[in-house]
Amino acid sequence: MRLMHLSDLHIGKRLNEFSLLDDQSYILDEILRIAEEQKPDAVAIAGDIYDKSTPSAEAVALFDSFISRLARLVTPVFVISGNHDSAERIAFGSSLMQTAGVYLSPVYNGENSPIKVDDEFGSVNVYMLPFIRPSDVRRVYPDDDTESFDSAFKAAVSHLNVNEKERNVIIAHQFITGAAAGGSESVSVGGLDNISAEVFAPFDYAALGHIHHRQNITSEKVRYCGTPLKYSFSEAGHHKSVTIVTLGKKGDLTLRLSPLVPRRDLREIRGSF
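Residues numbered from 1 in each chain as written. Predicted model: local features only at pLDDT ≥ 70, side-chain atom pairs only at ≥ 80, totals over all residues. Heavy atoms only, no water.

Peer 1: In this structure, what is going on with unusual backbone geometry? I would like to understand it.
Peer 2: Negative phi characterises most residues that are not glycine, and trans characterises most peptide bonds. Going from T75 to P76, the amide bond is cis rather than trans, its omega being 5 degrees. Mapped onto the elements, P76 comes out in the loop between α2 (57-73) and β5 (77-80). Backbone geometry places H210, a non-glycine residue, at a positive phi of 120 degrees. Looking at the secondary structure, you find H210 in the loop between β12 (205-209) and β13 (215-217). Of note, the phi angle at T218 is positive, near 70 degrees, even though the residue is not glycine. Examined against the element boundaries, T218 turns out to sit in the loop between β13 and β14 (219-224). By relative accessible area, T218 is classed as exposed at 72%. (Helix = DSSP H or I, 4+ residues; strand = E, 2+ residues; numbered from the N terminus. Buried < 20%, exposed > 50% of the residue type's maximum accessible area, 1.4 Å probe, protein only.)

Peer 1: What is the right way to read the environment of F233 from this model?
Peer 2: Looking at where F233 falls in the secondary structure, it is placed in the loop between β14 and β15 (241-247). A relative accessible area of 36% means that F233 is categorised as partly exposed. It is 22 Å that separates the C-alpha atoms of F233 and Q174, two residues lying 59 residues apart in sequence. With residues up to four places along the chain from it excluded, the contact list for F233 reads N16, L266, R267 and E268. (Contact = heavy atoms within 4.5 Å.)

Peer 1: What should I look at first to understand the nonpolar core in this one?
Peer 2: Within soluble globular proteins, side chains that are nonpolar generally end up buried alongside one another. With 35 residues, the main nonpolar core has M4, I45, F63, F66, L70 and V79 as its most contacted residues. Residue assignment for this core shows that the elements contributing at least two residues are β1 (2-6), α1 (21-38), β4 (42-46), α2, β5, β6 (102-104) and β15. With seven residues, the single largest contributor to this core is α2. Once residues lying within four places of it in the same chain are set aside, the contact partners of L70 are L32, A35, V43, I45 and V77. (Core = buried A, V, L, I, M, F, W, Y, C linked by side-chain atoms within 4.5 Å.)

Peer 1: Would you mind showing me how to read the sheet that holds β1 here?
Peer 2: Strands pair in a sheet through their backbones, by hydrogen bonds, and they do so in one of two ways: parallel or antiparallel. Across the sheet, which stays open at both edges, the six strands sit in the order β6-β5-β4-β1-β15-β16 with mixed pairing between neighbours. The sheet is open, and its two borders are formed by β6 and β16 (253-259), each paired with just one other strand. Across this sheet, the average inter-strand angle for adjacent strands is 20 degrees, counted without regard to direction. Sheet topology note: the β4/β5 ladder contains four bridges and is parallel. Among the inter-strand pairings, A46 is bridged to a residue of β5, identified as I80. Contacts between α2 and the sheet are confined to β1, β4, β5 and β6, with β5 contributing the most and set at about 150 degrees to the helix. (Pairing = 2+ DSSP bridges. Axes fitted to C-alpha atoms, helices over the stretch in contact; angles between N-to-C directions.)

Peer 1: I keep staring at the packing of α1 against α2 and nothing clicks. Help me out?
Peer 2: The description of two packed helices rests on the angle between their axes and on the distance between the axes. Two elements in contact, α1 and α2, have axes separated by 10 Å at closest approach and are oriented at 5 degrees. Here α2 runs roughly parallel to α1, going by the angle between their axes. Contact with α1, carried on its side by L21, Q24, S25, L28, D29, I31, L32, A35 and E36, involves E58, A59, L62, F66, R69, L70 and L73 of α2 and no other residues of that element. Tallied by class, residues from the contact of α1 with α2 come to ten nonpolar, two polar and four charged. (Parallel < 35°, antiparallel > 145°, perpendicular 65-115°, else oblique. Nonpolar A, V, L, I, M, F, W, Y, C, P; charged D, E, K, R; others polar.)

Peer 1: Explain α2 here, please?
Peer 2: Side chains three or four residues apart in an α-helix point the same way, a direct result of the helix having 3.6 residues per turn. With 17 residues, α2 ought to run about 24 Å at 1.5 Å a step, and its terminal C-alpha atoms sit 25 Å apart, in line with that. Along α2, the residues that are buried comprise A59, L62, F63, F66, I67, L70 and A71. Within α2, the buried residues cover an arc of 155 degrees as seen down the axis, which keeps them to one side. Facing away from the buried side of α2 by over 90 degrees, the exposed positions are A57, E58 and R72. Each element contacted by the buried residues of α2 is listed here: β1, α1, β4, β5, α4 (94-98) and β6. (Expected span 1.5 Å × (residues − 1). Arc of directions from axis to C-beta.)

Peer 1: Got a minute to help me understand the packing of aromatic side chains in this structure?
Peer 2: How two aromatic rings sit relative to each other is given by the distance of their centres and the angle of their planes. Summed over all chains, the structure comprises six aromatic pairs. For the pair F63 and F66, a centre-to-centre distance of 6.5 Å together with 40 degrees between the ring planes defines the contact as tilted. Of this pair, F63 and F66 are both found in helix α2, three residues apart, which corresponds to roughly one turn of the helix. You can call F66 buried: its relative accessible area is 0%. Ring geometry for Y127 versus F203: centroids 5.9 Å apart, planes at 75 degrees, classification edge-to-face. Here F203 lies in the loop between β11 (194-195) and β12 and Y127 lies in strand β8 (residues 122-129), a separation of 76 residues in the sequence. In terms of burial, Y127 and F203 fall into one category: buried. Three or more aromatic residues joined by ring pairs form one cluster here, namely Y50, F63 and F66. (Phe/Tyr/Trp six-rings, centres within 6.5 Å; stacked < 30°, edge-to-face > 60°.)

As structure tokens, then:
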């Protein structure tokens with residue numbers, strides 16, 4: 001199975017009060033072009049679809065256009081909510097969207113049966129886990145240890161009942177210990193929202209969102225694909241891309257990057273003023 005991994009679109013974001021909608025429209029067109037060329041079997045969008053929990057009408061219209069065109073090129077498409085999103089807004093119309101091959105993460109309720117994607121080696125189980133806080137898990141599993149982000153996320157994963165003999169992919173949006181932040185993410189002081197990477201051991205690939213700098217955590221099995229655009233001056237030196245993941249038989253994983261060239265680059269210029 002070939003999976004296109006995206007995250008942190010942050011549609012509607014403003015940088016120094018400058019609207020990035022035109023730049024985002026351009027880069028989403030580039031992503032569609034890559035999808036048409038690479039012909040992935042599925043697409044994962046790992047949270048922070050919008051930059052605000054109450055996105056503007058223009059931001060919603062842009063994502064609507066993008067996801068509609070993407071679903072005509074590739075299905076299934078998996079979309080989870082991130083910490084910048086409203087989980088309720090992302091989940092709206094999910095039952096209807098499934099008929100078009102677009103799967104939207106529900107508001108976390110503990111029910112998370114995998115969606116199966118078939119290939120020549122059998123089925124890949126895809127789990128969608130939206131951004132969750134300890135209080136979200138505590139509400140569903142009051143008897144579990146949910147004191148910290150780490151323990152709560154481990155509790156949520158333990159209830160997925162993952163069959164490790166099969167191939168499994170998880171799409172999540174959290175801060176993993178050891179990740180190098182890009183500069184414009186929402187990160188808790190003191191690492192209170194940190195989650196240990198060992199929780200992803202049952203999965204053949206963890207498609208992560210939240211961190212804006214593309215990177216692997218512990219191994220290429222646990223990966224942040226990064227943002228499609230530079231969203232802060234601390235990201236001026238970053239190189240953006242789409243991650244294409246190929247899962248062969250159990251244990252066989254390869255990654256390839258498709259570069260994303262923006263319409264207008266972000267540069268940091270130093271000098272006297």
